[in-house]
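Tertiary structure, described
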Amino acid sequence: MAVILGRARAVVGQNVPKVDGIPLATGQPKFTLDLDFPGALVGKILYSPHAHAEILAIDTSEAERVPGVACILHYGNVPRVPYTTAGQGWPEPSPYDTVLFDRKVRYVGDRVAAVAAETEEAALEALQKIRVEYRILPAVFTIDEALAPGAPIIHDEPDAQGIYDPQRNIAAAVDIPIGDLARGFAESDVIVEETCEIPYSQHCALEPHCVLAYFDEDGRLVLRTSTQVPFHVRRIVSRVLGIPLSRIRVVKPRIGGGFGSKQEVILEPVAAALALRTGRPVRMALTREEVLVSTRTRHPYRVRVKLGAKRDGTLHALEMEALGNTGAYGAHAGTVLYNVGSKSLPLYNKARHLRFHGKAVYTNLPVAGAYRGYGATQAFFALEVAMDELAEKLGMDPLELRLKNHIREGESSPIFEKLGEGREGKAQIIRSCKLAEALRIGAERIGWYEKRRNPRREGPWAYGVGLACAMQGSGITGIDMAAATLLMNEDGSFRLLVGATDLGTGSDTVLAQIAAEALGVPVEKVLVYSSDTDFTPFDTGAYASSTTYVSGNAVLRAAEEVKRQILEVAAEMLEEPVEGLVLERERVVSRRTGRSVSLAEVGHRATYVANQRQIGATASFACPESPPPFAAFFCEVAVDTETGVVRVERFVVVADCGQPIHPKLAEGQLEGAVVQGIGHALYEELLFSERGSCVNRSFFDYRIPTALDVPEIEAILVPSEEPTGPFGAKSIAEVGINGPLPAISNAIYHAVGVRLTRAPFTPERVLAALKAKGR
């Protein structure tokens, strides 16, 4: 259920039918591998069975004799080019610590070789017949082991670039002091300190990673791939394989989900290398087991928060220490680490003395990467649990403590200037924030005050309510850029070409709404074509909650220029000055006389009749700042004190995303994020053997929430007006995942009096905590 407060325009703010809704519902769109390509080879990958080992020799002779095998690639027959698999803008912030195939493997699931064969059966048989001789090396599986003196060095290769301290297994580090922290705590009346841990978890997108590599009639390499970042794929593949960028085309078809997992360039260089070596098309698709073992995960983090406050509840000092496990390679290691601080600490800007410090550490476990929330999820778990502990120690209601300390419109935080994914040096001002209103609405909806005063008990079941707050961002300041091309057809309809990547979020619809609103036409008159590096203008891609704000602003700029051109033509036709014309309801109308011409007449005249021209424009938008969305999370849980089972009975999320362009899609983003957050809190954790092998490598063993696990979720949008956003909009996609974990932890504490600080809150952990407390 969604409650929408605020005003709507003709198209923006309306729940228009999705531009691809009917085709998707009837199974018409083609996903990556729905394209039948006769003669395509099947690509498969051989993975390391060892967590840390040197390859002494590799023998492919027997595998090459398998009928149908066309090509086998490994470290001995491909160039060694260091790169990062992280699909990020230039300059790439992640270390160049990866090569296509290496002589050293660093986790169970690392790439050893790739085979292309006529059939999947032949490829799998060939993998079994590749003989690899390994020298087993000592491995480290925890942050503490990796940082210990004398620990094995995971990245000792001389050609790696951008690693903070390879000798100590530190991929990235940060230390941002503001004010005088020691003085701040000395002046504080109340101090609390808490440490929370979040483990390995997987995105679990419905569609596994897949790619089709082939050559067009001009011999150019075409990659049809399930990706969030087609333009970054093009750049990275160009680097790895030494192909001019102009000889590569990347096409993003329909995607079956991503959540950050497809911001990574994993399969594309392998498929491209096999295609180049054989001169034939190659199709690759990972199994669910391969996705769980060998792609990317959320960064496990241990976050320590120390809070100091005055007796009236005003925060005075705040320290956050973050230790992250980036796994065997450093994709997104630094930027996730920076986001732990930059996306959380500004929320409570009353603290004048701050320090954020931390490290992202290499281990011999799977590679962590981009995942919805991107560091903020890890941060808010610790920060919001600590805020509840502080409220208890102060004798304040947790809601009142947050109302007293959260950032407000017109305010800033020194963290904005010192830290972030983008370029430093600019203190961002909050121009829109309705968090106080969100907190009050959420409290009313959940029945906060009554349930806090009178928690109920039914047999072994104890009930409690908890809350959390969170923020995120809208693109990456000084880094993200998007462009859009808008062309008018002679019948008064429009073609919108965008590089923005719709991965199921509905961004094609949202961008069409922005264009339609600016042009005074229904959304059906805007035909969207997206994500083809040959035919659409540049866009950094679908990540960092950037599409509505960054790509949407580019669309708005293009639409405003097209509108200006339309009015010029109409002025000629009506013999009126441009200033006296208005564009509305598919017509240009004279304010003075009421005479009008249709957009179809304008398009026809410009195309065929007089002063002929193509009405159209290309516009760009580079992200000058990153306005944060805000959200308040409230939940009611039931805890079985005999078994430790936790049920989420009801969840209320209230969000400020500026002006929601499509309220129903925004609601869907919040609900989906909350469900993922419930998964983090109660179910999801990748588990490993003592040798570093993932042991729950299927959905039978890796538990995610099912329909039966999802409680009643009420999503409420409290619109603000973000002056820098298209029609007042800012992002919504990620903020909803940041609150469920701490809100559920706080609710469990209210219900049974035990504080759970390590996710997930499994029955075993809940029961152990209850027994430890004698409850």
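Just so we're clear, the structure is a prediction, and the values are computed from it rather than from any experiment. (Residues numbered from 1 in each chain as written. Predicted model: local features only at pLDDT ≥ 70, side-chain atom pairs only at ≥ 80, totals over all residues. Heavy atoms only, no water.)

A short note on the overall build of the chain
- On a plain count of helices and strands, the chain comes out with 20 helices and 28 strands.
- On C-alpha atoms alone, the chain measures out to a radius of gyration of 27 Å, which is about the 28 Å that the 2.2 N^0.38 rule sets for 775 residues.
- Considered along the principal axes of its C-alpha atoms, the chain spans approximately 85 × 75 × 50 Å.
- The buried share of the chain, taken over its 775 residues, is 64%.
- Excluding contacts between residues fewer than 6 apart, the proportion of contacts in the chain whose partners are at least 24 apart in sequence is 80%.
- About 27500 Å² of surface is accessible on the chain, with carbon and sulfur atoms providing 51% of the total.
- Once the 84 positive and 94 negative side-chain charges of the chain are each reduced to a mean point, those two points are 2 Å apart. (Helix = DSSP H or I, 4+ residues; strand = E, 2+ residues; numbered from the N terminus. Rg over C-alpha atoms; globule rule 2.2 N^0.38 Å. Buried < 20%, exposed > 50% of the residue type's maximum accessible area, 1.4 Å probe, protein only. Contact = heavy atoms within 4.5 Å. Areas by Shrake-Rupley, 256 points an atom, 1.4 Å probe, with all protein chains shown as cover. Lys, Arg positive; Asp, Glu negative; His and termini not counted. Charge placed at Lys NZ, Arg CZ, Asp CG, Glu CD.)

A word on the sheet that holds strand β7 (residues 131-136)
- On the basis of which strands lie adjacent, the open sheet formed by three strands has the order β5-β3-β7 and antiparallel pairing. Strand pairing shows two members of the sheet lacking a second neighbour, β5 (104-105) and β7, which therefore form its edges.
- Note: strand β3 (residues 53-59) against β7, six bridges, orientation antiparallel. Of the residues in β7, the one forming a bridge with Ala 57 is Glu 133. (Pairing = 2+ DSSP bridges.)

Side note on the packing of helix α18 (residues 663-682) against helix α19 (residues 740-752)
- Two numbers describe how α18 lies on α19: the axes approach to 8 Å, and their chain directions differ by 55°. Regarding the angle of α18 to α19, the classification is oblique. The way α18 lies across α19 gives a crossing that is right-handed. Mapping the contact onto sequence places Val 674, Gly 677, Ile 678, His 680, Ala 681 and Leu 682 in α18 and Pro 740, Leu 741 and Ile 744 in α19.
- Each residue belonging to the contact of α18 with α19 can be placed in one class, and the counts come to seven nonpolar, two polar and no charged. (Axes fitted to C-alpha atoms, helices over the stretch in contact; angles between N-to-C directions. Parallel < 35°, antiparallel > 145°, perpendicular 65-115°, else oblique. Left-handed = near helix turned anticlockwise from the far one by under 90°. Nonpolar A, V, L, I, M, F, W, Y, C, P; charged D, E, K, R; others polar.)

A look at the environment of Ala 322
- Summarising the element assignment, Ala 322 is placed in strand β15 (residues 315-327).
- Under the relative-accessibility criterion, Ala 322 is labelled buried at 0%.
- Taking C-alpha positions, Ala 322 is 38 Å from Thr 32, a pair spaced 290 residues apart along the chain.
- Once residues lying within four places of it in the same chain are set aside, the contact partners of Ala 322 are Tyr 301, Arg 302, Val 303, Leu 337, Val 340, Phe 356, His 357, Gly 358 and Lys 359.

With respect to the environment of Tyr 463
- With respect to the element layout, Tyr 463 can be found in strand β18 (residues 461-471).
- Sequence separation between Tyr 463 and Cys 204 is 259 residues; the distance between their C-alpha atoms is 30 Å.
- In this view, Tyr 463 contacts Pro 455, Arg 456, Glu 458, Glu 636, Val 637, Ala 638, Arg 647, Glu 649 and Ala 751; residues no more than four positions away in its chain are not counted.
- Looking at Tyr 463, its side chain comes within polar contact range of the side chain of Glu 458, at 3.3 Å. (Polar contact = N/O pair within 3.5 Å; in protein donor to acceptor, adjacent residues only side chain to side chain.)

Some thoughts on the pattern of salt bridges
- On inspection of all chains with the given rule, the structure shows 54 salt bridges.
- Asp 534 serves as the salt-bridge partner of Arg 220, at 2.8 Å between the closest nitrogen and oxygen. A residue pair is termed long-range when its members are at least 10 positions apart, and Arg 220 in the loop between β10 (210-215) and β11 (221-225) and Asp 534 in the loop between β21 (526-530) and α16 (547-574) qualify at 314 residues.
- You can call Arg 220 buried: its relative accessible area is 13%.
- Between Glu 409 and Lys 434 there is a salt bridge, with its nearest N and O atoms 3.9 Å apart. Here Glu 409 is found in the loop between α11 (398-405) and α12 (414-418), whereas its partner Lys 434 is found in the loop between α12 and α13 (435-446), with 25 residues between them in sequence. (Salt bridge = Lys/Arg side-chain N within 4 Å of Asp/Glu carboxyl O.)

Remarks on the packing of helix α10 (residues 376-394) against α19
- Packing of α10 against α19 brings their axes to within 8 Å, and their N-to-C directions diverge by 35°. Note on packing geometry: the crossing formed by α10 with α19 is right-handed. Seen from α10, the contacting residues are Phe 380, Phe 381, Glu 384, Val 385, Asp 388 and Glu 392; seen from α19, they are Leu 741, Pro 742, Ser 745, Asn 746 and Tyr 749.
- Classifying every residue of the contact of α10 with α19 by side-chain character gives six nonpolar, two polar and three charged.

Thoughts on the pairing of strand β12 (residues 248-251)
- Side chains of β12 alternate between two faces, with Ile 248 and Val 250 and Arg 249 and Val 251 buried alike.
- Pairing between β11 and β12: four bridges, direction parallel. Along β12, the bridge assignment pairs Leu 221 with Ile 248.
- Viewed along the sheet, the connection from β11 through helix α6 (residues 230-241) into β12 turns out right-handed. (Right-handed = clockwise from strand over helix to strand, strands pointing away.)

Focus on the nonpolar core
- If you look at the biggest cluster of nonpolar residues, it comprises 120 residues, and the most contacted ones within it are Leu 307, Phe 634, Ile 744, Ile 748 and Phe 761.
- In terms of residue count, α10 provides more of this core than any other element does, 12 residues in total. (Core = buried A, V, L, I, M, F, W, Y, C linked by side-chain atoms within 4.5 Å.)

Let's talk about the packing of aromatic side chains
- Within this structure, the stated rule accounts for seven aromatic pairs.
- Taking the centre distance of 5.8 Å and the plane angle of 85° together, the rings of Tyr 549 and Phe 621 count as edge-to-face. Highlighted residues: Tyr 549 in helix α16 and Phe 621 in strand β25 (residues 616-622), separated in sequence by 72 residues. Of the two residues, Tyr 549 and Phe 621, both sit in the buried class.
- Sitting over the face of the ring of Tyr 463, Arg 456 holds its NZ or CZ atom 3.7 Å from the ring centroid.
- Over the ring of Tyr 749 we find Arg 755, and its NZ or CZ is 3.9 Å from the ring centre. (Phe/Tyr/Trp six-rings, centres within 6.5 Å; stacked < 30°, edge-to-face > 60°. Lys NZ or Arg CZ within 6 Å of the ring centre and 35° of its normal.)

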